[in-house]
Amino acid sequence: EKASSDSNSGSEEEDSMSEGEMARLMEEVEEKKKLIATMRNKPWRMKRRDAQQFVDKFEGALGKGKGRKWFAYKVMMTKKWIKFQRDFDNFKTSCIPWERKIKEVESHFGSSVASYFIFLRWMYGMNLVLFGFTFGLVVIPEVLMGLPYGSIPRKTVPRPEQDTAQDYSVLMDFNGYCKYSVLFYGYYNDQRTIGLLKFRLPLSYLLVGIGNFGYSLMLVIRTMAKNADVGGGDGDESEFTFAWKMFTSWDYLIGNAETADNKYASITTSFKESIVDEQENQKDENIHLRRFLRVLANFMITCSLGGSGYLIYFVVKRSQEFANRDDLSWYEKNELEIIMSLLGLVCPPLFETIAELEDYHPRIALKWQLGRIFALFLGNLYTFLFALFDEVNSKLEEEQDIKNNSIWIMKEYYANFSRLTNDTEATPPPMNPADVIRGPCWETAVGIEFVKLTVSDIQVTYLTILIGDFARAMIVRFLNYCWCWDLEAGFPSYGEFDISGNVLGLVFNQGMIWMGAFYAPGLVGINVLRLLSSMYYQCWAVMATNVPHERVFKASKSNNFYMGLLLLVLFLSLLPVVYTIMSLPPSFDCGPFSGRLKMFDVIMETIDLDLPAFMGTLFSYAANPGLIIPAVLLMVLAIYYLNAVSEAYKNSNNELKKKMQLVRRDSKRAAVESSSLSAEKLLFINPGSSRHCSLFVFHPGSRRREEPEEQYRQHQPGDERLGGLTAEQILHPASSSSSTKGWSVKSDNNGSTYATLGEKVVERVYKFLKCLESGKNVQKRH
Amino acid sequence: MGNKQTIFTDEQLDAYQDCTFFTRKEILRLHGRYHELAPHLVPMDYTNEPDCKVPLSLIVNMPELKENPFRNRIVESFSEGGDGNLSFNEFVDMFSVLSEMAPRELKAIYAFKIYEDLEKTLNRLTKEELTPEEVELVCDKTIEEADLDGDNKLSFADFENMISRAPDFLSTFHIRI
């Protein structure tokens, strides 16, 4: 092995190395290692070999001798750890699914459409983890260690319903056998511990419910923080219009000829639009008319939002009446879900048409549109929730009656039994679970509502794709042969993929899952299946039936926007769940918290009974308002302080920038006056042939050199000469000494000049510096 | 992943993983792609570091680069002599810089090389659909917007300052392979 063979030859040297030399050598080795670690971020070509040889040689040497064995051992363990990390990273990347699929979509439709699929994949990952928590810690223990179906009242279908319990239509409504299964809250038993392992199911149920939110919150915020880095500053958008159009409008992911043609066309159009804007400097024809139109548009939209909210409330009230009847048509049973999905389909295009009145810049118009759709979905969701709460309250009242009723009936049953058998000593068998009178169990009812909503949402989405995209594409393709006008270019043509609509749909679906998962643990599983099938279905639909967008669509800044929406939706779905946990009493005869006054009492019980005594006192101290209020105050002050600090940093940043600009301007001016080189800045790149390479920018005119890389630097900062050459020496080498170490200069076929470190040759800088001296104008190059 | 492959030594693979943003599997896959471009030219066994280069004309026909208006400039910027013939090292280097994981600063350095000539860049981008006056207007406006130190040219510092604010740069200057 290289290290040992080198160290053998070096072993003679090492005896003679003093302590100081060893320390210095160790430092150098560390530096080199740091260099290797950051190598990828620098534009060097694979020249790490030198550094690596250096490290190998001297690390081996350092490892020999007394007392150095520990160092060698440490080095070996570090190497193994790095290798392990690298293998683990490799493994992680190979686990990411659907890379090929997304790449295909990307090359056909560009990065913005693909960003939707990447978002979908991210959601799938998050839901998979939530599913793991819920199933692993709640459902599986109940199934394995809890009582089986039919043993206690809450787990059995009641006698009156048993006839229809297996009917398809009843199952589709999630009644019958579905209702009394692990899918819903009501099935779970309230025994404090179950099974051999003494698994505390009620505690686990509550903690998993809260943990779902906690995990989702942490994940969303972490992703937002990562994206914030990418997003760039909130700079003035119009600051670099032409520059950004020129340098960042082409999407390098495009690999399809048709998409490329579209992109060329849209870029050209976009340039022409900006040129026209620049040349004309439009004035507002009529500010008053425009303002009036905008106010009118907002008024109409607010009206339609209010109208849709009222419609939903009305439909929920009607569905409560329907619940009392038995002879319902399919439409009447699913009216609520159908209306909500239809509103979600019809309103966004309506908003878009109304927004034509407003005449905003397209990017601003898109933001308004997204905001309005968000308000629509939010309003609908919350109206639905309020109506649901009404239902819950009425069920709670009902429960009181039924509770009294069922206790009375139980007493009756035992009285009858002892009378009939004439034997007062025998203990009566417990009543058949199917006969016990059951409470209304509002939690399961709420869970059922959410599951029905999710399922109908899935159905509507898939149907829309099937009809709106697939059927449309079929019609356009096949009817085109026998139609008067060109269907493909004219009216229906092929659909474009609606990114914002789909992303918002995904976000709100997730909100519903978060809200409903506490009452219906099976909902997370349903969602995982839905996301999985969505991925394949939508990928197929996009490739088979959609065409690339005509307009340039900048989606990158929206990434954090969608994450922000998700965060907001997360908080909004947290509120109802926390409210119910804290203030509503659980049902008396179903679910893991039955019999308690409040759901979170189970935590109090655990603290009292299972944890050591001092923890109980600790918690009671911690819950003292005298402690909580100062803590909250402290956090508020900390936020204020951090805010102030970040403002200060921003200000000092701006000051530094201004200073840099001033300094550059001054030095330019000074250089132009004093030097004979009225030169440009040159970018010098080593083509990589010599051993030592560096990339630097230098201003011969300003006599100042900027070196981004520090490797093999042979000069101290502030040294005003180029590798020991003054400006004079470069241009008039006859008058200079020839032994200037370090720098060599050569040119390639294109007339660019390269200066490299490493050889002890001084050569003249070539003709274009001469051109600069003689005042000839250089092209609009760097 | 644990297969015995004979294309590279383990040390070489480690070196590639240090110098680029690719995993071991991706590097082997890249070698497959490189070999596909010119099967008679590129040896399968790289353990003794053969010195072969694939010519420019073959590289720009790759599906990832085929439709890119800057394909020639890109390949030339990563080649040693500016002639566009890439050795395997340079090939991997190119896709590493263009990959998702490369940082903004590194991409900016190479973008600067690629977009060297403003007029040619613009003409490639619009397939020469703009009139010469429009081309001149756009180039002038670009320099006006980005030039910080008033020298009427775009230096690397100006370019970097402008591109670091661009919201789309990282997502568009990205090739997935």
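Residues numbered from 1 in each chain as written. Chains lettered and ligands numbered in written order. Predicted model: local features only at pLDDT ≥ 70, side-chain atom pairs only at ≥ 80, totals over all residues. Heavy atoms only, no water.

**A short note on the packing of aromatic side chains**
Residues and elements named next belong to chain A.
- Per the counting criterion, the structure on display carries 49 aromatic pairs over all chains.
- On the basis of an interplanar angle of 70° and a centroid distance of 5.5 Å, the ring pair of Tyr205 and Phe518 is categorised as edge-to-face. Of the two residues, Tyr205 is situated in helix 8 (residues 201-231) and Phe518 in the loop between helix 16 (499-516) and helix 17 (522-545); the sequence distance between them amounts to 313 residues.
- For Phe518, a relative accessible area of 4% gives the class buried. (Phe/Tyr/Trp six-rings, centres within 6.5 Å; stacked < 30°, edge-to-face > 60°. Helix = DSSP H or I, 4+ residues; strand = E, 2+ residues; numbered from the N terminus. Buried < 20%, exposed > 50% of the residue type's maximum accessible area, 1.4 Å probe, protein only.)

**Details of the UniProt feature "transmembrane region" (unreviewed entry) in chain A**
- UniProt records the feature "transmembrane region" (unreviewed entry) for residues 128-149, 203-221, 295-316, 336-357, 369-389, 512-532, 561-582 and 618-642 of chain A in the present numbering.
- In residues 512-532 of chain A, helix accounts for 76% and strand for 0%; the two terminal C-alpha atoms are 18 Å from one another. (UniProt positions renumbered as here; feature names shortened; annotations may be inferred.)

**Comments concerning the interface of chain A and chain B**
- Listed as interface residues are 75 residues of chain A and, on the opposing side, 86 residues of chain B.
- Put simply, chain A and chain B have 4 salt bridges between them.
- When the shortest N-O distance is used, the salt bridge between Asp14 of chain B and Arg86 of chain A registers 3.1 Å.
- At the boundary of chain A and chain B, one finds 11 residue pairs in polar contact (both at pLDDT 80 or more).
- Sorting the residues of the side of chain A that touches chain B by element identifies helix 3 (48-63), helix 4 (69-95), helix 5 (99-109), helix 6 (111-145), helix 8, helix 9 (241-248), helix 10 (257-280) and helix 21 (625-674) of chain A as the ones contributing at least two each.
- For the side of chain A that touches chain B, the leading source of residues is helix 10 of chain A, giving 11 residues.
- Here the side of chain A that touches chain B is built from residues that sort into 29 nonpolar, 20 polar and 26 charged. (Contact = heavy atoms within 4.5 Å. Salt bridge = Lys/Arg side-chain N within 4 Å of Asp/Glu carboxyl O. Polar contact = N/O pair within 3.5 Å; in protein donor to acceptor, adjacent residues only side chain to side chain. Nonpolar A, V, L, I, M, F, W, Y, C, P; charged D, E, K, R; others polar.)

**Brief notes about the environment of Phe22 of chain B**
All names here are of chain B.
- You can see Phe22 is positioned in the loop between helix 1 (10-19) and helix 2 (24-37).
- The exposure class of Phe22 is buried, given its relative accessible area of 6%.
- On a C-alpha basis, the gap between Phe22 and Val92 in space is 8.7 Å, while along the polypeptide they are 70 residues apart.
- Ignoring any residue separated from it by four or fewer positions in sequence, one finds Phe22 in contact with Gln17, Ile27, Leu30, Val92, Phe95, Ser96, Ser99 and Ile177.

**Notes on the packing of helix 11 (residues 287-324) of chain A against helix 13 (residues 335-355) of chain A**
Residues and elements named next belong to chain A.
- Two elements in contact, helix 11 and helix 13, have axes whose closest approach is 10 Å; the angle formed by their N-to-C orientations is 175°. Between helix 11 and helix 13, the interaxial angle falls into the category roughly antiparallel. Every residue of helix 13 that contacts helix 11 at Ala297, Met300, Ile301, Ser304, Leu305, Ser308, Leu311, Ile312, Val315, Val316, Arg318 and Phe322 is listed here: Glu335, Leu336, Ile339, Met340, Leu343, Leu350, Phe351 and Ile354.
- Per-class residue counts for the contact of helix 11 with helix 13 are 16 nonpolar, 2 polar and 2 charged. (Axes fitted to C-alpha atoms, helices over the stretch in contact; angles between N-to-C directions. Parallel < 35°, antiparallel > 145°, perpendicular 65-115°, else oblique.)

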